[in-house]
Amino acid sequence: MLVAPASYPSSRKSAPLLAQRIRSVGPDPDARLFTGPRGGRISTAVLRDATHWDEVVTKLGHEHLRRHDLRHTGLTWFADAGTPVHILRRIAGHGSLNTTQRYLHPDIHKITAAGTALSAHLTAIRAPHPLPHPIAMTR
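From a predicted model like this one, the values you see are computed outputs, not experimental measurements. (Residues numbered from 1 in each chain as written. Predicted model: local features only at pLDDT ≥ 70, side-chain atom pairs only at ≥ 80, totals over all residues. Heavy atoms only, no water.)

Colleague: Help me understand the overall build of the protein, please; the structure alone is not making it clear to me.
Modeller: Of the regular secondary structure elements, the protein holds 7 helices and 0 strands. Each helix and strand of the protein, placed in order from N terminus to C terminus, yields the pattern α-α-α-α-α-α-α. Expressed as a percentage of the 139 residues in the protein, the buried residues total 12%. Put simply, of all contacts in the protein between residues at least 6 apart along the chain, 22% involve residues at least 24 apart. Carbon and sulfur atoms make up 62% of the accessible area of the protein, which amounts to about 11,500 Å² in all. (Helix = DSSP H or I, 4+ residues; strand = E, 2+ residues; numbered from the N terminus. Buried < 20%, exposed > 50% of the residue type's maximum accessible area, 1.4 Å probe, protein only. Contact = heavy atoms within 4.5 Å. Areas by Shrake-Rupley, 256 points an atom, 1.4 Å probe, with all protein chains shown as cover.)

Here is the structure:
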């Protein structure tokens, strides 16, 4: 679950609701915090209607944006924050790491930083290492 920092106005409003839902489902790690109108999984159609998705993206001028794109973005942000891919697989509910990896889209800055880190590592390996100074024994 993504949790916004407390400084975000929406998180101050949603935190009590989420806390109440967590208390109500109990300790079951597989329990759903929110369910559809019949108590089951929230379907794509229910989510689209409940969030007025089509109207919202049209007003924002992003008619091409799909809810599933947010899933790709969220998983990529988790990966960029250092979350291991096997944990991302569990968060996403994927059966395979290959599926999860298809969701990850690093930006050019992350790719460039990886190249810079590799160059620094290889430079350090090739650099001559100074010999230790001999230890003089005195009596």
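Colleague: What exactly am I supposed to notice about a nonpolar patch on the surface here?
Modeller: On the surface, Leu-17, Phe-34, Ile-42 and Leu-47 cluster together into a nonpolar patch covering about 320 Å² of accessible area. Tracing the chain through its elements places Ile-42 in the loop between helix 1 (9-25) and helix 2 (44-51). (Patch = residues over 30% accessible without salt bridge, like charges linked within 9 Å, V, L, I, M, F, W, Y side chains within 5 Å. Salt bridge = Lys/Arg side-chain N within 4 Å of Asp/Glu carboxyl O.)

Colleague: Is there a simple way to think about the pattern of salt bridges in this case?
Modeller: Oppositely charged side chains may form a pair once their charged atoms are brought near each other. Tallied over the entire structure, the rule returns 1 salt bridge. The closest approach of N and O atoms between Asp-69 and Arg-66, which form a salt bridge, is 2.6 Å.

Colleague: How do you make sense of the packing of helix 4 (residues 67-80) against helix 5 (residues 85-92) when you look at a structure like this?
Modeller: Any two packed helices are characterised by how steeply their axes cross, that is the angle between the axes, and by the distance between the axes. Relative orientation of the contacting elements helix 4 and helix 5 amounts to 150°, with a least axis distance of 10 Å. Classified by the angle between their axes, helix 4 and helix 5 sit roughly antiparallel to one another. Viewed along their axes, helix 4 and helix 5 form a crossing whose handedness is right-handed. In this structure, helix 4 contributes Arg-71, Leu-75, Phe-78 and Ala-79 to the contact, and helix 5 contributes Leu-88, Ile-91 and Ala-92. The class makeup of the residues in the contact of helix 4 with helix 5 is 6 nonpolar, no polar and 1 charged. (Axes fitted to C-alpha atoms, helices over the stretch in contact; angles between N-to-C directions. Parallel < 35°, antiparallel > 145°, perpendicular 65-115°, else oblique. Left-handed = near helix turned anticlockwise from the far one by under 90°. Nonpolar A, V, L, I, M, F, W, Y, C, P; charged D, E, K, R; others polar.)

Colleague: I keep staring at the side chain of Arg-67 and nothing clicks. Help me out?
Modeller: Looking at the element boundaries, Arg-67 is found in helix 4. No salt bridge is formed by the buried Arg-67. Its closest oppositely charged neighbour is Asp-54, at 5.2 Å. (Lys, Arg positive; Asp, Glu negative; His and termini not counted.)

Colleague: Mind showing me how you'd approach helix 4 here?
Modeller: Given 3.6 residues per helical turn, the α-helix brings residues three or four places apart onto the same face. An ideal rise of 1.5 Å per residue puts 20 Å on 14 residues; helix 4 measures up with 20 Å between its terminal C-alpha atoms. Taken together, the buried positions of helix 4 are occupied by Arg-67, Asp-69, His-72, Gly-74, Leu-75 and Thr-76. Taken together, the buried residues of helix 4 touch helix 2, helix 3 (53-60), helix 5 and helix 6 (97-102). (Expected span 1.5 Å × (residues − 1).)

Colleague: Help me understand the side chain of His-94 in this model?
Modeller: Within the secondary structure, His-94 is located in the loop between helix 5 and helix 6. Judged by relative accessible area, which is 9%, His-94 ranks as buried. A distance of 3.4 Å separates a polar atom in the side chain of His-94 from a polar atom in the side chain of Arg-71. A polar side-chain atom of His-94 sits 2.8 Å from a polar atom in the side chain of Thr-100. Sequence-distant contacts of His-94, defined by excluding residues within four places in its chain, comprise Arg-71, Leu-75, Arg-89, Thr-99, Thr-100 and Tyr-103. (Polar contact = N/O pair within 3.5 Å; in protein donor to acceptor, adjacent residues only side chain to side chain.)

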